[in-house]
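# Understanding the architecture of this molecule
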Amino acid sequence: MVLTIEEVSRHSTPKDCWLAIHGHVLDLTNFATTHPGGSYMIHKLCGKDGTEVYGAVHDSALLNQPVLDQYRIGTIGDSDADEIDIIM
């Protein structure tokens, strides 16, 4: 499903928490309470593009892990979220 950041922004509470990360849209509502860094780290990003914050803590390859498939609900716009190219 292709989504806009405006659609993601409508899901901005701990009980309805979507994030965009590197073009992927994830519904992390149920994951937040089990996040190793604490639910606060997820909840403060609900409804936003969390790419920058995510990248400061996680390797971008983590997004390609099958464990996240259950949370993946779409992509942003015309992004090619299947291939993550990070230029450092």
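Now for a look at the structure at hand. (Residues numbered from 1 in each chain as written. Predicted model: local features only at pLDDT ≥ 70, side-chain atom pairs only at ≥ 80, totals over all residues. Heavy atoms only, no water.)

## Side note on the layout of surface pockets
How we decide: Space inside and on the surface of the protein is sampled on a 1 Å grid over the protein atoms alone, with a cavity defined as a set of points where a 1.4 Å probe fits but cannot get out and a pocket as an open set with protein on both sides within 12 Å along at least 5 of 7 lines; lining residues have an atom within 4 Å of a point. Grid points are joined across faces, edges and corners, and a volume is the space filled by probe spheres set on the points. Runs of E in the DSSP output that reach at least two residues are strands. Runs of H or I that reach at least four are helices, and both are numbered from the N terminus. In this classification, Asp, Glu, Lys and Arg are treated as charged, Ala, Val, Leu, Ile, Met, Phe, Trp, Tyr, Cys and Pro as nonpolar, and every other residue, Gly included, as polar.
In this structure, the largest pocket occupies an estimated 380 Å³ of space. Around the largest pocket, the lining is made up of 22 residues, and of these Phe31, His35, Ile42, Tyr54 and His58 lie nearest the centre. Mapped onto the lining of the largest pocket, the elements with two or more residues apiece are strand 3 (16–21), helix 2 (39–43) and helix 3 (51–57). For the lining of the largest pocket, the element with the highest residue contribution is helix 3, accounting for 3 residues. Considering only residue class, the lining of the largest pocket consists of 17 nonpolar, 5 polar and no charged.

## Considerations on the pairing of strand 5 (residues 72–76)
The following threshold applies: Any two strands with at least two DSSP-identified bridges between them are counted as paired.
For strand 1 (residues 2–3) and strand 5, the ladder comprises 2 bridges, and the chain directions are parallel. Opposite leucine 3, over in strand 5, you have isoleucine 76 as the bridge partner. Here strand 4 (residues 24–27) pairs with strand 5 via 3 bridges, running antiparallel. Within the sheet, the bridge partner assigned to histidine 24 lies in strand 5 and is threonine 75.

## Comments concerning the nonpolar core
In summary, soluble globular proteins display a tendency toward joint burial of nonpolar side chains. Where we set the bar: Residues belong to one nonpolar core when they are buried, are Ala, Val, Leu, Ile, Met, Phe, Trp, Tyr or Cys, and are joined through side-chain atoms within 4.5 Å. Only protein chains enter the area calculation, which uses a 1.4 Å probe; residues under 20% of their type maximum are buried, those over 50% are exposed, and those in between are partly exposed. Contact definition: two residues touch when any of their heavy atoms are within 4.5 Å.
If you look at the biggest cluster of nonpolar residues, it comprises 14 residues, and the most contacted ones within it are Leu19, Ile21, Leu26, Leu28, Ile42, Leu63 and Tyr71. If you tally residues by element for this core, the top one is strand 3, at 3 residues. Each residue touching leucine 28, except ones within four places of it in the same chain, is listed here: Cys17, Leu19, Ile42 and Tyr71. Residues Trp18, Ala20, Val25 and Ile76 belong to the second largest nonpolar core, which totals 6 residues.

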